[in-house]
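If you want the building blocks of each chain, they are given just below.
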Amino acid sequence: MDLELRDKVVLITGGAKGIGAAIARAVGQEGGMPVIVDRDAEAGEKLVAELRGGGSRCSLVRADLTSVDSCANAVECTAKECGRLDALVNNAGVNDRVGLERGTPEEYVGSLQQNLLHYYNMAHYALPHLERSRGAVLNIASKVAVTGQGGTSGYASAKGAILALTREWAVELLPYGIRVNAVVPAEVMTPLYQQWLESFSNPTEKLTAIVSRIPLGNRMTTSDEIAALSVFLLSSKAAGHITGQHLFVDGGYVHLDRALS
Ligand code: NAP
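Residues numbered from 1 in each chain as written. Predicted model: local features only at pLDDT ≥ 70, side-chain atom pairs only at ≥ 80, totals over all residues. Heavy atoms only, no water.

Re the site of the ligand
- In the vicinity of the ligand lie 28 residues, with Lys17, Asn91, Tyr155, Val188 and Thr190 positioned nearest.
- In the model, an oxygen atom of the ligand is placed 2.8 Å from a nitrogen or oxygen of the Ile19 main chain.
- Here an oxygen atom of the ligand and a side-chain polar atom of Tyr155 are 2.5 Å apart.
- In the complex, 92% of the free accessible area of the ligand, which totals 880 Å², lies under the protein chains. (Near = heavy atom within 4 Å. Polar contact = N/O pair within 3.5 Å; in protein donor to acceptor, adjacent residues only side chain to side chain. Areas by Shrake-Rupley, 256 points an atom, 1.4 Å probe, with all protein chains shown as cover.)

Encoded structure:
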């Protein structure tokens, strides 16, 4: 199916690695133009070289989105370079484990800066462009928003707010025909996830215990599976009547009885 993403400019925060990089590749495969916004310039440049080598048009904006100015600048650079913006994928985030017991009020605010505030800031600055293109917003959330994890208050509250904002923005942006949806991953092997696993004394044992509880196939979700739904949702041809939705791509991890696995 042609998703009609050809020549569409899609800004992807945290697009240099993991889930964001998979979305960038999928946009490129559909003939769209991913704009990767990431603080990891080295990984970003490597991905841009790979995408250009495969014939995709793409670009990289190096930015740490914890500052408001960086968010404004990332949108401005994209609009200047590409002349338009058709979609925003808010994806950058880090499960930084700022908890109630292990954490301070200042670290909690810092965690919201890492995980939440730039979702709003990017949407705010992208809005005039998305209004012109009748574009789409896709927010990457986390199962932690609905299951909790323990010891990660900042990340959990950011991801919960992202689900709420998805619905709120879907309502607010109805008059412009801008669709807003969220994809909710659970267990996806990425550099961030690998780093988290390595914080356990026996990462292999921990991983085996996790995958044994994933109902469908006892396996991790792949970044490509998240990306496949993401490009579908960005396509007004395929998903033109889908808005305000929270879509779980998790092999049944959140909603099916894990005692079955
Ligand atoms: P990842 O492997 O760390 O890739 C994310 C990229 O975003 C990295 O290059 C990272 O740079 C960058 N980034 C993070 N914060 C940034 C900021 N403030 N400004 C600019 N760039 C920033 O992460 P991932 O696992 O793909 O996660 C992507 C999203 O999926 C996150 O929102 C995460 O919460 C969500 N998610 C992931 C999983 C999973 O199982 N992997 C599950 C649920 C939800 P650095 O390396 O420098 O941080």
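Details of the side chain of Asp38
- Structurally, the position occupied by Asp38 is in strand β2 (residues 33-38).
- In this structure Asp38 is buried but unpaired, with Lys17 as the nearest side chain of opposite charge at 5.2 Å.
- Within the local environment of Asp38, its side chain forms a polar contact with the backbone nitrogen of Gly15, the two atoms lying 3.3 Å apart.
- What Asp38 contacts, discounting residues up to four positions off in sequence, is Gly14, Gly15, Ala16, Lys17, Val61, Arg62 and Ala63. (Helix = DSSP H or I, 4+ residues; strand = E, 2+ residues; numbered from the N terminus. Buried < 20%, exposed > 50% of the residue type's maximum accessible area, 1.4 Å probe, protein only. Lys, Arg positive; Asp, Glu negative; His and termini not counted. Salt bridge = Lys/Arg side-chain N within 4 Å of Asp/Glu carboxyl O. Contact = heavy atoms within 4.5 Å.)

A word on the packing of aromatic side chains
- Applying the stated criterion to the full structure yields two aromatic pairs.
- One aromatic cluster in this structure is built from Tyr193, Trp196 and Phe200. (Phe/Tyr/Trp six-rings, centres within 6.5 Å; stacked < 30°, edge-to-face > 60°.)

So, the state of the cysteines
- Tallied over the full model, the rule gives zero disulfides.
- We note that Cys82 lacks a disulfide partner, and the nearest cysteine sulfur, in Cys58, lies 9.9 Å from it. (Disulfide = S-S within 2.5 Å.)

A closer look at the side chain of Asn121
- Tracing the chain through its elements places Asn121 in helix α4 (residues 105-133).
- Non-local contacts of Asn121, meaning those with residues more than four positions away in its chain, are made with Val68 and Cys71.

What to know about the pattern of salt bridges
- Scanning all chains against the criterion turns up nine salt bridges.
- Note that Arg39 and Asp64 form a salt bridge whose closest N and O atoms lie 3.8 Å from each other. Of the two residues, Arg39 sits in the loop between β2 and α2 (41-53) while Asp64 sits in the loop between β3 (59-62) and α3 (68-82), which places them 25 residues apart along the sequence.
- The exposure class of Asp64 is partly exposed, given its relative accessible area of 34%.

So, the packing of helix α1 (residues 18-29) against helix α9 (residues 223-234)
- Two elements in contact, α1 and α9, have axes separated by 8 Å at closest approach and are oriented at 55°. Here α1 lies oblique to α9, going by the angle between them. Between α1 and α9 lies a crossing of right-handed hand. Each of Gly18, Ile19, Ala22, Ile23, Ala26 and Val27 in α1 lies in contact with α9, whose residues at this interface are Ser223, Asp224, Ile226, Ala227, Ser230, Val231 and Leu234. (Axes fitted to C-alpha atoms, helices over the stretch in contact; angles between N-to-C directions. Parallel < 35°, antiparallel > 145°, perpendicular 65-115°, else oblique. Left-handed = near helix turned anticlockwise from the far one by under 90°.)

Remarks on the layout of surface pockets
- In this model, the largest pocket occupies a volume close to 1,200 Å³.
- Taken together, 46 residues line the largest pocket, and the ones lying closest to its centre are Gly93, Val94, Asn95, Leu192 and Tyr193.
- Listed by contribution, the elements that provide at least two residues to the lining of the largest pocket are α1, β2, α4, α6 (153-172), α7 (191-197) and α8 (203-211).
- Residue classes in the lining of the largest pocket are distributed as 21 nonpolar, 14 polar and eleven charged. (1 Å grid on protein atoms, 1.4 Å probe; cavity = no way out; pocket = protein on both sides within 12 Å on 5 of 7 lines; lining within 4 Å. Points joined across faces, edges and corners; volume = space filled by probe spheres on them. Nonpolar A, V, L, I, M, F, W, Y, C, P; charged D, E, K, R; others polar.)

Structural notes on the environment of Ser157
- Residue position: Ser157 is located in helix α6.
- Beyond its immediate sequence surroundings of up to four residues, Ser157 is in contact with Tyr108 and Leu112.

Quick look at the packing of α1 against α2
- Running from N to C, α1 and α2 cross one another at 20°; their axes reach a closest spacing of 11 Å. Between α1 and α2, the crossing angle belongs to the class labelled roughly parallel. Note on packing geometry: the crossing formed by α1 with α2 is right-handed. Of the residues in α2, those touching α1 at Ala21, Ala24 and Arg25 are Leu47, Glu50 and Leu51.
- Classifying every residue of the contact of α1 with α2 gives four nonpolar, no polar and two charged.

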